[in-house]
Amino acid sequence: LVDILTLVYVSMLHDPRLLAAAGIAKVLIFFNSAVASGVIIAAAAVLSERLGDREAHTFTRLTFNLLVMVTLASSLTVALQLAFVTPITHWLGADNFTFPLAHRFVLLTLPFIVLQSVMQMCAQILRAIGDSRSALWVVLSGGATLALADPLFIFVFDLGLDGAGIAYAISGVVSAILGVYLVWRR
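Residues numbered from 1 in each chain as written. Predicted model: local features only at pLDDT ≥ 70, side-chain atom pairs only at ≥ 80, totals over all residues. Heavy atoms only, no water.

(A) Helix α1 (residues 2-11), seen in detail. All buried positions along α1 are accounted for by Thr6, Tyr9 and Val10. Along the axis of α1, the buried residues cluster in a sector spanning 95 degrees; they form a single face. In this structure, the buried side of α1 is in contact with α2 (16-52), α7 (132-156) and α8 (160-185). (Buried < 20%, exposed > 50% of the residue type's maximum accessible area, 1.4 Å probe, protein only. Helix = DSSP H or I, 4+ residues; strand = E, 2+ residues; numbered from the N terminus. Arc of directions from axis to C-beta. Contact = heavy atoms within 4.5 Å.)

The following block contains the structure:
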């Protein structure tokens, strides 16, 4: 819902090129999220199995390894996307006018997808150990940060599409820090 709000805010700038650029970046973000979700779902199954087998003594090491694994999977996906950002952007329909905007927005947001993946993994770890409330706070922190930062950076600071990218980056940082902190504390 918050990602849709970002597109609504960008559309309020009344420049279809900006909306197209944001849409192209959202496709790449979605692809990376799908890859990370596959790793996260598998990790949740392993975590739940370990907890069910009362192997809590290996849980700390396993949690660390799973966080590293989702970070690597997401980072590799981002690296591939960044390596082929020009042809992918054109393939997704960017013309000569939209391409520079889409390219800049993708370069601004794509690296922070890794932090969003870490946040999702932390939320899944917290759910696996039965702390659904903390898991919800981790996820909501990212959404709330983006919901507040988007209009602030897009309209108040008058940064337009770059403001949307900065808001996405801040959202990733806030939610990942909170997630790692809560997992570490538990």
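(B) Layout of the environment of leucine 28. When you line up the elements, leucine 28 lands in helix α2. A sequence separation of 91 residues divides leucine 28 from methionine 119, and the C-alpha atoms of the two residues are 18 Å apart. Setting aside its immediate chain neighbours within four residues, leucine 28 contacts Gln81, Ile88, Leu92, Val106, Leu110 and Ile113.

(C) The arrangement of a nonpolar patch on the surface in detail. Nonpolar side chains collect at one region of the surface, where Ile4, Leu5, Val8, Met12, Leu152, Phe155, Val156, Phe157 and Leu159 lie side by side and expose about 760 Å² of accessible area between them. Of all elements in the fold, only α1 and α7 reach the threshold of two or more residues within the nonpolar patch. Along the chain, leucine 5 turns up in helix α1. Overall, leucine 5 belongs to the partly exposed group, its relative accessible area being 30%. (Patch = residues over 30% accessible without salt bridge, like charges linked within 9 Å, V, L, I, M, F, W, Y side chains within 5 Å. Areas by Shrake-Rupley, 256 points an atom, 1.4 Å probe, with all protein chains shown as cover. Salt bridge = Lys/Arg side-chain N within 4 Å of Asp/Glu carboxyl O.)

(D) Fine view of helix α6 (residues 113-128). For α6, with 16 residues, the first-to-last C-alpha span of 22 Å sits near the 22 Å given by 1.5 Å per residue. The buried fraction of α6 is high, at 13 of 16 residues. In the stretch just after α6, glycine 130 is the one whose phi turns positive, near 90 degrees. (Expected span 1.5 Å × (residues − 1).)

(E) Broad picture of the packing of α2 against helix α3 (residues 59-83). Running from N to C, α2 and α3 point in directions that differ by 165 degrees, and their axes come no closer than 10 Å. By the criterion of interaxial angle, the relationship of α2 to α3 is roughly antiparallel. Considering how the two elements wind past one another, α2 and α3 form a crossing that is right-handed. In this structure, α2 contributes Leu28, Phe31, Asn32, Val35, Ala36, Val39, Ile40, Ala43, Val46, Leu47, Arg50 and Leu51 to the contact, and α3 contributes Phe59, Leu62, Thr63, Leu66, Met69, Val70, Ala73, Ser74, Thr77, Val78 and Gln81. Here the contact of α2 with α3 is built from residues that sort into 17 nonpolar, five polar and one charged. (Axes fitted to C-alpha atoms, helices over the stretch in contact; angles between N-to-C directions. Parallel < 35°, antiparallel > 145°, perpendicular 65-115°, else oblique. Left-handed = near helix turned anticlockwise from the far one by under 90°. Nonpolar A, V, L, I, M, F, W, Y, C, P; charged D, E, K, R; others polar.)

(F) Broad picture of the nonpolar core. Core analysis: the biggest nonpolar cluster contains 28 residues, and Val10, Phe105, Val106, Leu110, Ile113 and Leu161 have the highest contact counts within it. Looking at which element gives the most residues to this core, the answer is α2, with seven residues. Excluding anything up to four places from it in sequence, valine 106 contacts Ala25, Leu28, Val85 and Pro111. Core analysis: the second largest hydrophobic core is formed by 24 residues, Val39, Ile40, Met119 and Val138 among them. (Core = buried A, V, L, I, M, F, W, Y, C linked by side-chain atoms within 4.5 Å.)

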